[in-house]
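Structure assessment
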Amino acid sequence: MSKQNDIDLLLEAYENGMIDMDVIQQQLLVKSRKKYLEKHSFNIWQGKNGSYYTYLPDEHKPRGKRLVRKKDRRTLNNAIVEFYRANEEDPYFEQVFQTWVDERLSYNEIERNTYDRYCNDFKRFIKNSPLNRRRFSNITEEMLETFIKTTIRDYKMTAKVWGNLRILIRGTFKYAKKKGYTDISITNFMGDLDLSKNMFRRRYFTAEESVFTRSEERKIIDYIDSHKESLINLGIKLDFETGLRAGELSALKREDVNGNLLTISRTEIMYKDENGRCVYPVREHTKGRDGMRKIILTKNAVAILNRIMELNPDGEYLFMYNGKRTRGNYFTVHLEKICKKVGILPRSLHKVRKTYATKLLNGGVDETLVIRQMGHTDISTTRGFYYFDNRENSEAVEMIQKAIGGA
């Protein structure tokens, strides 16, 4: 019989005058103690001195447990019950975080790769911090602010890394407040938190590192055209014409091609399975706000796609090797090899995407169309993170010369 059925029977007996409340309370206490004692997995033993011993979980100890000694068995049982009751009623940060993130995954609010990122951020920034050595109810706003500012400083965080950690902290505290573990309103706290921009490490990228110049792009295309035709080479050429993310390129299917329109409706993701191995499934929506977009293809892009489909007429995905889908990172590996062979700085496929965005903006393409092609929510993302001046030095000199009117 389940625990809930037992409680229902006791309450029914009380309502029918068959038992008084003191007996009910005593029965519930006994059942509560039994539940906590059954939860205890460590051995209990009596030492030669007559005292009783066991271990209790303690993640802050090197072995993950701490020794407990009591004068008799009943006192030791009381300590065990109190430990598990306190953990249930007033948990540590890690317990609340784990429950929150597990629940979000179970309801499909987040995907497995996001779950992995949250867990990795927790292990990196919080697990061994003072914040995780206190029960949740004992965490004050002052402690939380000190933790945040100290962590940003000690880990030399960028604003982006802090943004990811902020999501984790905010979600855990909102869940804790809902469960009654804290009175802190994390929304108000974060709204009042004053973090200077000077606290964050700035990452500077030169144009040479971030985009390809026209002559570099020409070298890559010429190299591809002068070597044996292959799907992966054609994929790199296609990316210079479309600016797709590597995962989007990897997940393309024949059905996505419709004349001069290409539907981007899925992408490859990566996470680690229960054995710690990386897996690369295809997700049926993209990173963008709407999860799907249609981009306009150039005549050259249409020709490349037609050739890809001729080389791979029966494959489920456009890019396949030995019957398996070509993973997104393979395009980057292959592109970097080509860069080395043509004597230019090796760069990833993401830099092709930035090059594409730069060409659109330099070409005066309407901003609404730019964000549609890129799959961004607004033009500030494109301009702020994807645009770099990729003009050749001679071209820049000529433009400045014309602007100032010199001879």
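Pairing is antiparallel across the open sheet formed by 3 strands, whose spatial order is 1-2-3. What marks the edges here is a single partner per strand, and that holds for strand 1 (45-46) and strand 3 (65-70). Where strand 1 lies against strand 2 (residues 52-57), 2 bridges are found, and the strand directions are antiparallel. Note on strand 2: the bridge partner recorded for Gln-46 is Tyr-52.

The description of two packed helices rests on the angle between their axes and on the distance between the axes. Orientation of helix 11 (residues 231-242) relative to helix 13 (residues 299-311), taken along the N-to-C sense of each, is 160°, at an axis distance of 9 Å. Comparing their axes, helix 13 and helix 11 come out roughly antiparallel. Handedness of the crossing formed by helix 11 with helix 13: left-handed. Counting all contacts with helix 11, which are made through Leu-231, Leu-234, Lys-237, Leu-238, Glu-241 and Thr-242, the residues of helix 13 involved are Asn-300, Ala-301, Ile-304, Leu-305, Arg-307, Ile-308 and Leu-311.

Moving on to the pairing of strand 5 (residues 261-264). Relative to strand 5, strand 4 (residues 257-258) runs antiparallel, the two being bridged by 2 bridges. Residue pairing in the sheet places Val-257 in a bridge with Leu-262 of strand 5. Joining the antiparallel neighbours strand 4 and strand 5 is a turn of 2 residues, in which Gly-259 adopts a positive phi near 65°. Taken together, the 4 bridges between strand 5 and strand 10 (residues 293-296) define a ladder with antiparallel strand orientation. Bridging from a neighbouring strand, Ile-264 pairs with Arg-293 of strand 10.

Generally speaking, a soluble globular protein has its nonpolar side chains buried in company with each other. Residues Phe-93, Ile-148, Trp-162 and Ile-169 are the most contacted members of the largest nonpolar core, which totals 35 residues. Contributions of two or more residues to this core are made by helix 4 (93-106), helix 5 (112-125), helix 6 (141-154), helix 7 (159-179) and helix 8 (186-192). It is helix 7 that provides the largest number of residues to this core, a total of 7 residues. In this structure Phe-93 touches Phe-122, Ile-126, Leu-131, Asn-132, Arg-134, Phe-136, Ile-139, Leu-168, Thr-172 and Phe-173, once residues within four positions along its chain are discounted. By size, the runner-up hydrophobic cluster in this structure holds 33 residues, among which are Ile-220, Leu-249, Ala-301 and Leu-349.

With that out of the way, let us pick up a positive patch on the surface. Where like charges cluster on the molecular surface, the positive patch consists of Arg-117, Arg-124, Lys-156, Lys-160, Arg-201, Arg-203 and Lys-287. Relative to the assigned elements, Lys-160 resides in helix 7.

With that out of the way, let us pick up the sheet that holds strand 10. Read from one edge to the other, the open sheet built from 3 strands follows the order 4-5-10, with strand pairing classed as antiparallel. In this open sheet, the two edge strands, each paired with only one partner strand, are strand 4 and strand 10. Each of strand 5 and strand 10 is contacted by helix 16 (residues 367-374), which is oriented at about 115° to strand 10, the strand it contacts most.

It is worth spelling out unusual backbone geometry at this point. Positioned with a positive phi, Asn-108 is a non-glycine residue whose angle comes to about 60°. Mapped onto the secondary structure, Asn-108 falls in the loop between helix 4 and helix 5. Under the relative-accessibility criterion, Asn-108 is labelled exposed at 67%. The backbone of Asn-322 shows a phi angle near 55°, a positive value even though the residue is not glycine.

The rules we used
Residues numbered from 1 in each chain as written. Predicted model: local features only at pLDDT ≥ 70, side-chain atom pairs only at ≥ 80, totals over all residues. Heavy atoms only, no water. Pairing = 2+ DSSP bridges. Helix = DSSP H or I, 4+ residues; strand = E, 2+ residues; numbered from the N terminus. Axes fitted to C-alpha atoms, helices over the stretch in contact; angles between N-to-C directions. Parallel < 35°, antiparallel > 145°, perpendicular 65-115°, else oblique. Left-handed = near helix turned anticlockwise from the far one by under 90°. Contact = heavy atoms within 4.5 Å. Core = buried A, V, L, I, M, F, W, Y, C linked by side-chain atoms within 4.5 Å. Buried < 20%, exposed > 50% of the residue type's maximum accessible area, 1.4 Å probe, protein only. Patch = residues over 30% accessible without salt bridge, like charges linked within 9 Å, V, L, I, M, F, W, Y side chains within 5 Å. Areas by Shrake-Rupley, 256 points an atom, 1.4 Å probe, with all protein chains shown as cover. Salt bridge = Lys/Arg side-chain N within 4 Å of Asp/Glu carboxyl O. Lys, Arg positive; Asp, Glu negative; His and termini not counted. Charge placed at Lys NZ, Arg CZ, Asp CG, Glu CD.

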